[in-house]
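Overview (structure and organization)
What follows is each chain in one-letter form.
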Amino acid sequence: MQYKPRPGIVQAKICGLHVLIPSRVTYDHCKSIIRLPSLWAITYDLIQKGESDETIIRLHQVLTKKSEDEIRQRIERFCENLVEQGFMIREKDEGRL
């Protein structure tokens, strides 16, 4: 599965907090701002930039010392959660998370 940020979502840092802010264009899909912990803000940014799964997993391994399987599961849950909230879109592609 491949995930990508929904067009019209703005990632910002406000008073030291990482947030995702939906613009008016995305109002039908998501209506509220959400806060992201730093690791997940970096993850979202890497996904937005089109970085490879390996790059994202390597970053998580360095920062969390978790296994690759556990990291894949956590990233999958993160992305699915953002899809449910309307901040990301799911696309089918064999080469992605």
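Scroll up to find the structure this text is about.
Rules used in this analysis
- Residues numbered from 1 in each chain as written.
- Predicted model: local features only at pLDDT ≥ 70, side-chain atom pairs only at ≥ 80, totals over all residues.
- Heavy atoms only, no water.
- Helix = DSSP H or I, 4+ residues; strand = E, 2+ residues; numbered from the N terminus.
- Buried < 20%, exposed > 50% of the residue type's maximum accessible area, 1.4 Å probe, protein only.
- Contact = heavy atoms within 4.5 Å.
- Areas by Shrake-Rupley, 256 points an atom, 1.4 Å probe, with all protein chains shown as cover.
- Lys, Arg positive; Asp, Glu negative; His and termini not counted.
- Charge placed at Lys NZ, Arg CZ, Asp CG, Glu CD.
- Salt bridge = Lys/Arg side-chain N within 4 Å of Asp/Glu carboxyl O.
- Axes fitted to C-alpha atoms, helices over the stretch in contact; angles between N-to-C directions.
- Parallel < 35°, antiparallel > 145°, perpendicular 65-115°, else oblique.
- Left-handed = near helix turned anticlockwise from the far one by under 90°.
- Nonpolar A, V, L, I, M, F, W, Y, C, P; charged D, E, K, R; others polar.

Helices and strands together make up the secondary structure of the chain, namely three helices and five strands. Residues classed as buried in the chain amount to 36% of the 97 residues present. For the chain, restricting intrachain contacts to residue pairs at least 6 apart in sequence, the fraction spanning at least 24 positions comes to 53%. Carbon and sulfur atoms form 50% of the exposed surface of the chain, whose accessible area is close to 6,000 Å². For the chain, the separation between the mean place of its 16 positive charges and that of its 14 negative charges on side chains is 7 Å.

This part takes up the pattern of salt bridges. Using the criterion set out here, one finds five salt bridges in the structure. We note a salt bridge from Glu91 to Lys4, for which the minimum N-O separation is 3.3 Å. Separated by 87 residues along the polypeptide, Glu91 in strand E5 (residues 88-91) and Lys4 in strand E1 (residues 2-5) bring together distant segments of the chain. Residue class for Lys4 comes out partly exposed when judged on its relative accessible area of 33%.

Our next topic: the packing of helix H1 (residues 38-48) against helix H2 (residues 53-64). H2 packs onto H1 with a crossing angle of 165 degrees between their chain directions and a minimal axis gap of 10 Å. The angle between the axes of H1 and H2 places the two elements in the roughly antiparallel class. As for how H1 packs across H2, the hand of that crossing is right-handed. For the pair H1 and H2, contact is made by Leu39, Trp40, Ile42, Thr43, Leu46 and Ile47 and by Ile56, Leu59, His60, Leu63 and Thr64, respectively. Class assignment of the residues belonging to the contact of H1 with H2 gives a composition of eight nonpolar, three polar and no charged.

A word on the environment of Ile75. Inspection of the secondary structure puts Ile75 in helix H3 (residues 68-85). Residue classification places Ile75 among the buried residues on the basis of a relative accessible area of 0%. The sequence separation of Ile75 and Gly16 amounts to 59 residues, and the corresponding C-alpha distance is 23 Å.

The subject of this paragraph is H1. Among all positions in H1, only Leu39, Trp40, Ala41, Thr43, Tyr44, Leu46 and Ile47 are buried. Positive phi shows up at Gly50, right after H1, with a value of about 80 degrees.

This is a description of form; function is not addressed.
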